[in-house]
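Now for the letters of each chain:
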Amino acid sequence: MRAAIYLALSGLASADWQFRSRPDLAPPRLNITIPATKEVEKGYLFLAPFAGYPDTPSEQHGPRQASPYIFRDNGDLVWSGYGNYYSIWATNFQAGRWKGKDIIFSFEGDHNPNYGHGHGHITFLDQHYETIRELRAGNHKLVDKHEFHIVNEETGLIQIYQPTPRDLTSWGGSSEQQWIVNAIIQELDITTGKLLFEWASLDHVSPDEAVLPLNPGQAGSGYNSSDAWDYFHINSVDKDASGNYLISARDACAVHKINGTDGSIIWRLHGKKSDFAVADDAKFCFQHHARWLSQEDDIEIISLYDNAAHGSEHGAGREVHTAPYSSGKILRLNTTSWTAELVRGYYPPKGHELLSKSQGSTQVFPSGNVLVNWGSEGAVTEYTEDGTPIFHAYMDSGYLGQGVENYRAFKYNWTGLPNEEPAIVALASEGGRGTTVYASWNGDTETAVWRFFEVTDAYGSRSFLGEAERTGFETALFVPGRDELSKVAAEAVDARGKVLRVTGDVGVEPEILPAGKIRCQAEDARTPHGQKTVEEKILAKTSNSRWEEYGLLKFFRIVKDL
């Protein structure tokens, strides 16, 4: 009995067994601690969670399939980008428009968690999830993971970490410490890849402005190009209607406005050489994702994510904290009085202590709602304009939720029309009680109902079995009895009754249950979708959080081994 309970509970913590029609998919299970209220912004969550800690022979942390994902805010998967779409490490997953068409895009490439760098390219997909463009940096440089931002549906802003040899003795370097990161931004024509503008930090900003010194090496020690001193660390770029640029320099704890013609610095916000007197509650450090919200006369409103902490993504090394928690902030800058004030701060919900040593984003919607992504804390919160949390989730559950991280999170309206075929499987239960047919269509946002059919002869003739309202990624129909049922198919139907796509024909297979699966009598009789299994009831009675679930798993493992 103890072993059976252990097996049941361990199944809940696993990423497997989520979708019978797509057993190859093992997406993260969102751990929603504040369910979405009716005030949340309409749209889908765009996330790309990954494991912040490396796997060991005895421990696994974070999503089993790190990838871009689209979720509903009730936790239902809409699209997994794993494998077929993004086959290498990907982050900064967003939706946008290019040449009048809706697209999605993500950084794709190598990931260096020691310094929070990535090297690769930007991959664009259309509404059918087909790759339509890969964009690379100009001037023989490598795109970094931190930024891709579309301007006027035509150009894209990127940033680059370029290791550069320099004499660093003026900043405490030895003769062997010769490497510094030249933080670069570029604006590119998306269609042609032509370089339109380039700005480099070492041409305009002295390493004197670094908050983290060369030694003891929290931002790189400078001994080689892979360990170059990252004194500035650009992690976001924006552009205004006048052609000027807004850059966030994390390791200078400053935001800079850059002249889009000659590259000169128009102003610095915070850091060691601030042009503004910054109110105490408006101060920030090690920030991410600075964006203009509005500009009128001498008033500029910006948003950013205030990490207030610094550390490596993989958890090693010392951390620096400037506040007890991270936050999303909206700031009001006055370029006549040269003051910076806090308009609104968005702080961790009650009971959630969130201080992210890396990553993070703040998305402000036209409605006034705000979506804050907590970076290395692996969580996301939506707020009303006044700061009331109306949704909160961690980006994986159980033991896998420990160590999950996510660079940025966004919410967008999106219409997905996949080119790939819908998936279908028919599983016959033991004892001839019946057959359950499961259908799903990765990335589809338009199906309202699934219609299921028996294929009755070799010519494809069909007999209607029933239909089921689409309620999540996968929809199931139970067909009682019917030992003679041998082959089935399904149609995806939209809200207006139009058939969007038809599955292939599949034969009926025997159902295989997860090891140790225990079902209630009602479940054994295949009650409607949503009936809780015994292990779910056990967990509901004994566990209130992902950490307690992990503790239960550890307990039952120990008991089993006795």
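Residues numbered from 1 in each chain as written. Predicted model: local features only at pLDDT ≥ 70, side-chain atom pairs only at ≥ 80, totals over all residues. Heavy atoms only, no water.

If you look the protein chain up in an unreviewed UniProt entry, it shows as ASST-domain-containing protein from Lasiosphaeria hispida.

Looking now at the environment of K357. Residue position: K357 is located in the loop between β24 (339-346) and β25 (361-364). We classify K357 as buried; its relative accessible area is 9%. (Helix = DSSP H or I, 4+ residues; strand = E, 2+ residues; numbered from the N terminus. Buried < 20%, exposed > 50% of the residue type's maximum accessible area, 1.4 Å probe, protein only.)

The next point concerns the pairing of β25. Direction of pairing for β25 relative to strand β26 (residues 370-373): antiparallel, over a ladder of four bridges. The partner of Q363 across the bridge, within β26, is L371. Once β25 ends, the chain turns through five residues before running back antiparallel as β26, passing G368 with a positive phi of about 105°. (Pairing = 2+ DSSP bridges.)

Overall, the coordinates contain 27 aromatic pairs when judged by the stated rule. Centre to centre, the rings of W79 and Y86 are 6.4 Å apart; their planes meet at 80°, and the pair counts as edge-to-face. Judged by relative accessible area, Y86 falls into the buried class, the value being 2%. Where W267 meets F276, the ring centres are 5.3 Å apart and the plane angle is 85°; that geometry is what we call edge-to-face. We classify F276 as buried; its relative accessible area is 5%. By way of ring pairs, the aromatic residues F46, W79, Y85, Y86, F93, Y129, F410, Y412 and W414 are connected into one cluster. If you follow K99 out to its NZ or CZ, it ends over the ring of W98, 4.6 Å from the centre. (Phe/Tyr/Trp six-rings, centres within 6.5 Å; stacked < 30°, edge-to-face > 60°. Lys NZ or Arg CZ within 6 Å of the ring centre and 35° of its normal.)

This part takes up unusual backbone geometry. With glycine set apart, most residues show a phi of negative sign, and most peptide bonds adopt trans. The step from N215 to P216 runs through a cis peptide bond, and the omega angle for that step is 20°. Within the secondary structure layout, P216 lies in the loop between β13 (195-200) and β14 (234-239). In the Ramachandran plot, H270 falls in the positive-phi region, its phi being about 70° despite a non-glycine side chain. With respect to the helices, strands and loops of the structure, H270 is situated in the loop between β17 (265-269) and β18 (277-278). Even without glycine at this site, D297 takes up a positive phi of about 55°. Structurally, the position occupied by D297 is in the loop between β19 (288-296) and β20 (299-306).

On to the nonpolar core, then. Judged by nonpolar contacts, the single largest core of 27 residues is most densely connected at I185, W199, W229, F232, I234 and I247. Aside from chain neighbours lying at most four places away, what touches F232 is A183, W199, S201, V205, I247, A249, R250, D251, A252 and H256. (Core = buried A, V, L, I, M, F, W, Y, C linked by side-chain atoms within 4.5 Å. Contact = heavy atoms within 4.5 Å.)

Turning our eyes to something else, we now look at the sheet that holds β14. With antiparallel pairing, the four strands of this open sheet are ordered in space as β14-β15-β16-β17. Bordering the open sheet on either side are β14 and β17, each of which pairs with just one other strand. Geometrically, the sheet is characterised by an average inter-axis angle of 20° between neighbouring strands, direction not taken into account. By the bridge criterion, five bridges tie β14 to strand β15 (residues 245-249) in an arrangement that is antiparallel. Residue I234 lies in a different strand from β15, and its bridge partner there is A249. (Axes fitted to C-alpha atoms, helices over the stretch in contact; angles between N-to-C directions.)

Between two cysteines, a covalent bond joining their sulfur atoms is known as a disulfide. For the structure shown, the criterion picks out one disulfide. In this model C253 forms its disulfide with C285; the gap between the sulfur atoms is 1.8 Å. Across the S-S bond linking C253 and C285, the dihedral sits near 60°, which makes this disulfide right-handed. With C253 in the loop between β15 and β16 (254-258) and C285 in the loop between β18 and β19, the pair connects residues that are 32 residues apart, well separated along the chain. (Disulfide = S-S within 2.5 Å.)

This paragraph deals with the side chain of N334. Its location among the elements puts N334 in strand β23 (residues 327-334). On the accessibility criterion, N334 (13% relative accessible area) is buried. There is a polar contact of 2.9 Å between the side chain of N334 and the backbone nitrogen of S337. Apart from residues lying up to four places away in sequence, N334 is in contact with F276, D298, I299 and T339. (Polar contact = N/O pair within 3.5 Å; in protein donor to acceptor, adjacent residues only side chain to side chain.)

Turning to the pattern of salt bridges, a few remarks are in order. Proximity of charged atoms lets side chains of opposite charge pair with each other. In total, this model carries 22 salt bridges according to the counting rule given. In this structure, E511 engages R20 in a salt bridge whose closest nitrogen and oxygen atoms are separated by 3.5 Å. Here the residue E511 occupies a position in the loop between β38 (506-510) and α2 (521-524), and R20 occupies one in the loop between α1 (2-13) and β1 (31-34), the gap between them amounting to 491 residues. The same class applies to E511 as to R20, namely buried. Here E341 makes a salt bridge to R332, at a shortest N to O gap of 3.8 Å. When salt bridges with common partners are traced through the structure, they connect R22, D24 and E420 into a single cluster. (Salt bridge = Lys/Arg side-chain N within 4 Å of Asp/Glu carboxyl O.)

Spatially, β6-β7-β8-β9 is the arrangement adopted by the four strands of the open sheet, whose pairing is antiparallel. The outermost strands of the open sheet, each flanked by one partner alone, are β6 (90-98) and β9 (131-135). Across this sheet, the average inter-strand angle for adjacent strands is 25°, counted without regard to direction. In terms of strand pairing, strand β7 (residues 101-112) meets strand β8 (residues 117-125) through nine bridges, oriented antiparallel. Residue D110 lies in a different strand from β8, and its bridge partner there is H119.

Glancing now at the environment of E300. If you trace the backbone, E300 turns up in strand β20. A residue is classified by how much of its surface remains accessible, and E300, at 5% relative accessible area, is buried. Each C-alpha atom, one on E300 and one on R332, is 6.0 Å from the other, the two residues being 32 residues apart in sequence. A distance of 3.5 Å separates the side chain of E300 from the side chain of W267, its partner in a polar contact. At a separation of 3.2 Å, a polar atom in the side chain of E300 contacts the side chain of Q295.

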